[in-house]
Amino acid sequence: MTGHRKSAASHSIATRRTARKAARKTARKTRKAAPTRWSQRVTTESDALDLKRGVFKLTDPKKIAASLKRSAERSSRRKAGAYRSALSMLAFYINRAGKTLPKTQRGRLERAKTELKRQFGRDEM
């Protein structure tokens, strides 16, 4: 008899698991068309900066730094200083891209960090 109870219990657990999986699949399908990545949500909804679209795709590190500086100084959503907000948003982008960021673009963004420090008058050379 105990063998029979055990299989019935395991059957009900398996049934519950299957029902939960089905519910999750349904929930995924019925969600709103929200940004798929949390990092994308951070850049659009966080209290960091109001960035110009495509700023990290620019080819000139000076233009990237100038755009970040302008955005940081104009932003009413930032909590820290303009320099700190701009630099942290740049570092955030580089870190989130990780290994998928091409070396040329990574180098360009690293040079933009140096340029940002220079534009804010914080170069320690």
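Whatever comes next refers back to the structure up there.
A brief look at the structure comes next. The model shown is predicted, which means the values in this text are computed figures rather than measured ones. (Residues numbered from 1 in each chain as written. Predicted model: local features only at pLDDT ≥ 70, side-chain atom pairs only at ≥ 80, totals over all residues. Heavy atoms only, no water.)

**A closer look at the nonpolar core**
Judged by nonpolar contacts, the single largest core of 20 residues is most densely connected at Phe 56, Leu 68, Ala 86, Leu 90, Leu 109, Leu 116 and Phe 120. Counting only elements with at least two residues in this core, the list comes to helix 3 (61-74), helix 4 (82-97) and helix 5 (103-119). (Core = buried A, V, L, I, M, F, W, Y, C linked by side-chain atoms within 4.5 Å. Buried < 20%, exposed > 50% of the residue type's maximum accessible area, 1.4 Å probe, protein only. Helix = DSSP H or I, 4+ residues; strand = E, 2+ residues; numbered from the N terminus.)

**Regarding the packing of aromatic side chains**
When we look at a pair of aromatic rings, we describe it by the centre distance and by the angle of the planes. Enumeration according to the criterion identifies two aromatic pairs in this entry. Between the aromatic rings of Phe 56 and Tyr 93, the centroid separation amounts to 4.1 Å while the plane-to-plane angle is 10°, which identifies the pairing as stacked. Separated by 37 residues along the polypeptide, Phe 56 in the loop between helix 2 (38-45) and helix 3 and Tyr 93 in helix 4 bring together distant segments of the chain. Its relative accessible area of 8% is what places Phe 56 among the buried residues. The class of Tyr 93 is partly exposed, set by a relative accessible area of 22%. A centroid spacing of 5.4 Å and a plane angle of 65° characterise the contact between Tyr 83 and Phe 120, whose relative ring orientation is edge-to-face. (Phe/Tyr/Trp six-rings, centres within 6.5 Å; stacked < 30°, edge-to-face > 60°.)

**Overview of a positive patch on the surface**
On the surface, Arg 16, Arg 17, Arg 20 and Lys 21 cluster together into a positively charged patch. Looking at the element boundaries, Lys 21 is found in helix 1 (residues 2-30). (Patch = residues over 30% accessible without salt bridge, like charges linked within 9 Å, V, L, I, M, F, W, Y side chains within 5 Å. Areas by Shrake-Rupley, 256 points an atom, 1.4 Å probe, with all protein chains shown as cover. Salt bridge = Lys/Arg side-chain N within 4 Å of Asp/Glu carboxyl O. Lys, Arg positive; Asp, Glu negative; His and termini not counted. Charge placed at Lys NZ, Arg CZ, Asp CG, Glu CD.)

**So, the pattern of salt bridges**
One pass over the full model with this rule turns up three salt bridges. For Lys 69, the salt bridge goes to Glu 73, with nearest N and O atoms at 4.0 Å. Of this pair, Lys 69 and Glu 73 are both found in helix 3, four residues apart, which corresponds to roughly one turn of the helix. Its relative accessible area of 45% is what places Glu 73 among the partly exposed residues. With its nearest N and O atoms 2.4 Å apart, the salt bridge here joins Arg 118 to Glu 115.

These values are about where atoms sit, not about what they do.
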